[in-house]
Each structure stands twice: as structure tokens, then as C-alpha cells.
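# Architecture and fold: a report
So the chains spell out like this:
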Amino acid sequence: MSVETVARVDADLDHVSEGARPKKLLLRALAGERTERPPIWLMRQAGRYLPEYHGVREAAGGMVGLCNSPEHAVEVTLQPIRRFPLDAAILFADLPQIAAALGQTLEYRVGDGPVLSPSVRSGSDITEILSASRLHEKLAPIYETVRQLTLALPEEVALIGYAGAPWTVATYMVEGRGGGSTEHAVVKQWALSDPVGFQPLIDLLTGAIIEFLDRQVQAGAEAIQLFESWAGILAGPLFQRWCVKPVATIVAALKAKHPGVPIIAFPRGAGLAYDGFAQATGVDCVGLDSTVPLGWAAQKVQRELGRCVQGNLDPQLLVAGGPALHSETDRILRSLAEGPFVFNLGHGIVKTTPPEHVAALARQVRSWSGAQ
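Residues numbered from 1 in each chain as written. Predicted model: local features only at pLDDT ≥ 70, side-chain atom pairs only at ≥ 80, totals over all residues. Heavy atoms only, no water.

## Thoughts on the environment of Ala362
Checked against the element boundaries, Ala362 lands in helix α17 (residues 355-366). We classify Ala362 as buried; its relative accessible area is 1%. Taking the C-alpha atoms as reference points, Ala362 and Ile90, separated by 272 residues in sequence, lie 16 Å from one another. Once residues lying within four places of it in the same chain are set aside, the contact partners of Ala362 are Ile40, Pro85 and Leu86. (Helix = DSSP H or I, 4+ residues; strand = E, 2+ residues; numbered from the N terminus. Buried < 20%, exposed > 50% of the residue type's maximum accessible area, 1.4 Å probe, protein only. Contact = heavy atoms within 4.5 Å.)

## Regarding the pairing of strand β5 (residues 223-228)
Extensive coverage of β5 is indicated by the burial of six of its six residues. On β5, burial covers both faces: Ala223, Gln225 and Phe227 on one face and Ile224, Leu226 and Glu228 on the other are all buried. As judged from the five bridges shared by β5 and strand β6 (residues 263-267), these two strands associate in the parallel manner. By the bridge assignment, Leu226 is partnered in β6 with Ala265. (Pairing = 2+ DSSP bridges.)

## Description of helix α8 (residues 135-152)
Taking 1.5 Å per residue, 18 residues should reach 26 Å; α8 reaches 26 Å between its end C-alpha atoms and fits that length. The largest bend along α8 reaches roughly 45° and is located at Pro141. For α8, the full list of buried residues reads Leu135, His136, Leu139, Pro141, Ile142, Tyr143, Thr145, Val146 and Leu149. Summarising the contacts, the buried residues of α8 are in contact with α4 (63-67), α5 (70-83), α6 (97-102), β4 (158-164) and α11 (195-219). (Expected span 1.5 Å × (residues − 1). Bend = angle between axes of the 7 residues up to and from the residue.)

## Here's the deal with the pairing of strand β2 (residues 105-109)
In terms of strand pairing, β2 meets strand β3 (residues 113-117) through five bridges, oriented antiparallel. Bridge pairing in β3 places Thr105 opposite Ser117. Hairpin geometry of β2 and β3 is characterised by an intervening segment of three residues between the two adjacent antiparallel strands and by a positive phi of about 90° at Gly111.

## Looking at the layout of surface pockets
A probe matching the size of a water molecule, rolled over the atoms, marks out where space remains unfilled. Each pocket or cavity is described by its volume, and for the largest pocket that value is around 1,400 Å³. In terms of lining, the largest pocket is formed by 42 residues, of which the most central are Arg44, Arg48, Met63, Asp94 and Pro114. Counting residues per element, the ones that place at least two in the lining of the largest pocket are α3 (51-59), β2 and β3. Broken down by element, the lining of the largest pocket gets its largest block of residues, three residues, from α3. Of the residues belonging to the lining of the largest pocket, the class tally is 21 nonpolar, twelve polar and nine charged. (1 Å grid on protein atoms, 1.4 Å probe; cavity = no way out; pocket = protein on both sides within 12 Å on 5 of 7 lines; lining within 4 Å. Points joined across faces, edges and corners; volume = space filled by probe spheres on them. Nonpolar A, V, L, I, M, F, W, Y, C, P; charged D, E, K, R; others polar.)

## Side note on empty space enclosed by the protein
Here the structure, examined in full by the defined rule, presents two cavities of 30 Å³ or more. Contributing to the lining of the largest cavity are Ala93, Asp94, Leu95, Gln97, Ile98, Ile142, Tyr162, Ala163, Gly164 and Phe212. By residue number, the principal contributor to the lining of the largest cavity is β4, which donates three residues. Of the residues that constitute the lining of the largest cavity, the class distribution is seven nonpolar, two polar and one charged.

## Digging into the environment of Lys257
One can find Lys257 in helix α12 (residues 236-257). The partly exposed category is assigned to Lys257, whose relative accessible area is 47%. With 43 residues separating them in the primary sequence, Lys257 and Asp214 have C-alpha atoms 7.8 Å apart.

## A few points about the sheet that holds strand β1 (residues 88-90)
Reading across from one edge, β1-β4-β5-β6-β7-β8-β9 is the order of the seven strands in this open sheet, with parallel pairing throughout. Either end of the sheet is taken by a strand with one partner, and the two such strands are β1 and β9 (341-345). This sheet shows a mean twist of 25° between the axes of neighbouring strands, independent of strand direction. With five bridges connecting them, strand β8 (residues 308-313) and β9 associate as parallel partners. Within the sheet, the bridge partner assigned to Gly311 lies in β9 and is Phe343. (Axes fitted to C-alpha atoms, helices over the stretch in contact; angles between N-to-C directions.)

## A word on the UniProt feature "site: Transition state stabilizer" (unreviewed entry) in the protein chain
Residues annotated in UniProt with the feature "site: Transition state stabilizer" (unreviewed entry) correspond here to Asp94. Structurally, Asp94 can be placed in the loop between β1 and α6. When sequence neighbours within four positions are dropped, the list of residues in contact with Asp94 reads Met63, Cys67, Tyr108 and Tyr162. (UniProt positions renumbered as here; feature names shortened; annotations may be inferred.)

## Remarks on helix α10 (residues 185-193)
An α-helical turn contains 3.6 residues, so a residue and the one three or four places further along point in the same direction. All buried positions along α10 are accounted for by Val187, Trp190 and Ala191. Seen end-on, α10 carries its buried residues on one side only, within an arc spanning 95°. Residues of α10 that are buried in the fold lie against α7 (123-129), α9 (166-175), α11 and α12. (Arc of directions from axis to C-beta.)

## Observations concerning the packing of helix α14 (residues 294-303) against helix α16 (residues 322-336)
Here α14 crosses α16 at 25°, and the two axes come no closer than 9 Å. Taken as axis vectors, α14 and α16 run roughly parallel relative to one another. Handedness of the α14/α16 crossing: right-handed. Residues Leu294, Ala297, Ala298 and Gln302 of α14 pack against Arg331, Ile332, Ser335 and Leu336 of α16. A breakdown of the residues in the contact of α14 with α16 according to their chemical character gives five nonpolar, two polar and one charged. (Parallel < 35°, antiparallel > 145°, perpendicular 65-115°, else oblique. Left-handed = near helix turned anticlockwise from the far one by under 90°.)

Spelled out as C-alpha cells, the structure:
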């Protein structure tokens, strides 16, 4: 570990004095501590794999109603916390909601997932369709959900707010949908052929996401996760321009307003571009997808930078359960629990996941001791 890294870690720990040290396990790990056991939460831990979720979604009138009803959104956020011994809850909302708040129409179609219209395909569309003037009015239900969750969660459970990163939200807005069935040809062609014309969309989203996350923190979110779900479809200079720079701008703005709130970024599919991502963006923790080598993460992020990593169990192992799940969970813990680490998946829980497998995973992680 370099002298500069040691100084940074010491400064971070000094800043969080003994009397002011965050007591919640997740916040301690995100602050750069090696905790007595890794905290655990799971992406998409609230959702359709839980039988009780479906009744709430139906009562809310579907996904749009669910995300915009604080009463229902609070309930589904709490469902996995009631079932499993998790260390954090993540706000239940959906990535395209900010696009809807900016002027697009959002609906959910069976087999298609979220669909946004009209699609943004040019600079003139940005001017005609999108506006940040009513952003907070449209997103007010989300802020209210956060406020209610701060009162409803157990005191040891941290609350994570979140947003999609600008590039990922832009893919939804341009393609009209965000699912994996698309090759993202339209958004990539626009960004490649007319980067000057595409830049205003990224700039608009960057500013809106800063405001969105700022309001979540004001409402009570204790940590933030930025989802860069489509980082893997860009390479080289394009990754730097459309993924790294906007995330760095968001992190710097939020740190200026809320220096004590840790930020996780999840650049899914970034591959070799993971190297240097934490330094370039300034995030406190890097979310690892299931392909990231654990030895690299331990050496480059935990030891050399003194920063936290989060991940990276393959969600299909959570579906499989049994010895395969137990063995891989043990391997991840042995590889990463020597440094600041948050146990999570390499992507979100899939809908075919048996809840009893989630319970078994949580028990295994919570029983972990570095002496094993």
C-alpha cells in the first residue's frame, strides 16, 4: 500500500472520530473499515421472487403505481428485511422513473418491461420532450418513500438511495426500453456519429441525477448506489466520456453537499475498464459484477486504494442453492473479507430464486468470521 493510500485511509478514519463513527455495519464497511463480518444486502432484494410482493404490486395497480405510491413502495422495501437478516435496505423504485419525471411517458408491458415514449433520438427531441423544471414535483413520491423508510427500518439497517447513471438512463430514453434484448444500436450510433449532439442529453441527466440523489439524502438516505447497468457496451474513450466522467461529476457534487454519505458505483460489464474506475470517479465503493477476478479486486481496490468492494456472487448460484452456493460464497468471503467488503450479487436477484436460498446465503455470510 502506498504512503498516499495509507494517509488517505488514516484521514478517513480520523474524520470519522470514535464518537461520530457510523455504527451501522454497512456504513462502516463503506467508510473503508474491515468489519468483524461483511455486511450483506442484495440487488433487487425486494421484488418478484417474493410471493408477498405480487399482492402489493397488484394492489398498487402495477409497477408505475407501486413506484409512485409511498405506502406500497415502503411495504415492498421492508419485505426482504422482515424475511432475511440483511444489513441494508435499498429504496424500491425503478431506473426509468427519472426519465418519466423529465417528460417521457413510462409504462410497463408484459414481456417488454419498462417502455418509454416518445423516444429521444436527436437534439431537437431533447428540447421538445425533456425539461427539468418539474423534476422534483414528479419525483416527490420517491422522496416521501425515503422519509417513511427512515422511520420504519430497524435501527441497525442502513438505507440506500439510488439512481441510474447518465449513460444507462440515456439508453432507456433513446432506445425506448432498457431490457437486455436490445443491442443498443440506436443510442450507440447517436453517441458515435454525433457526440456533440448527444452530449446535452448526458449533461441534462447528470444535473438531474445530482438533484435527485441530493433530495434522497436530504430525506434520509444514508448511502447511495449509482447503477451503470450498460457500462459494458462502451469501450475505450467512449467509456471514459459517457460513463466515467458523468459519474465523477455526480460524485464530486454530492460529496461537496454531503461529504459523509458514501457512494457505491456499479459499472456492470466494464471488464478491463474496472481498472482505474474507483480513482477516476472518486467513489467510496466499487460494485463488482460476477466476471471480475477476486484477486484483482482485493489487490487493486482494497489493498492499494484502501477502498471497499461490493459483490459479486453469480445470481444463478442463488437460484441453484445447495453445495454450489455454499462453496462459492465461501470462496468470495475468503478472497475479499480481509479488506473493506460488502457481500452482494454480481447483478440482481432473478425471479426464479427460492427465498429459502436467500435465507441460507444471509445466514452463511452473517456467521462468517475472519478466523475461519
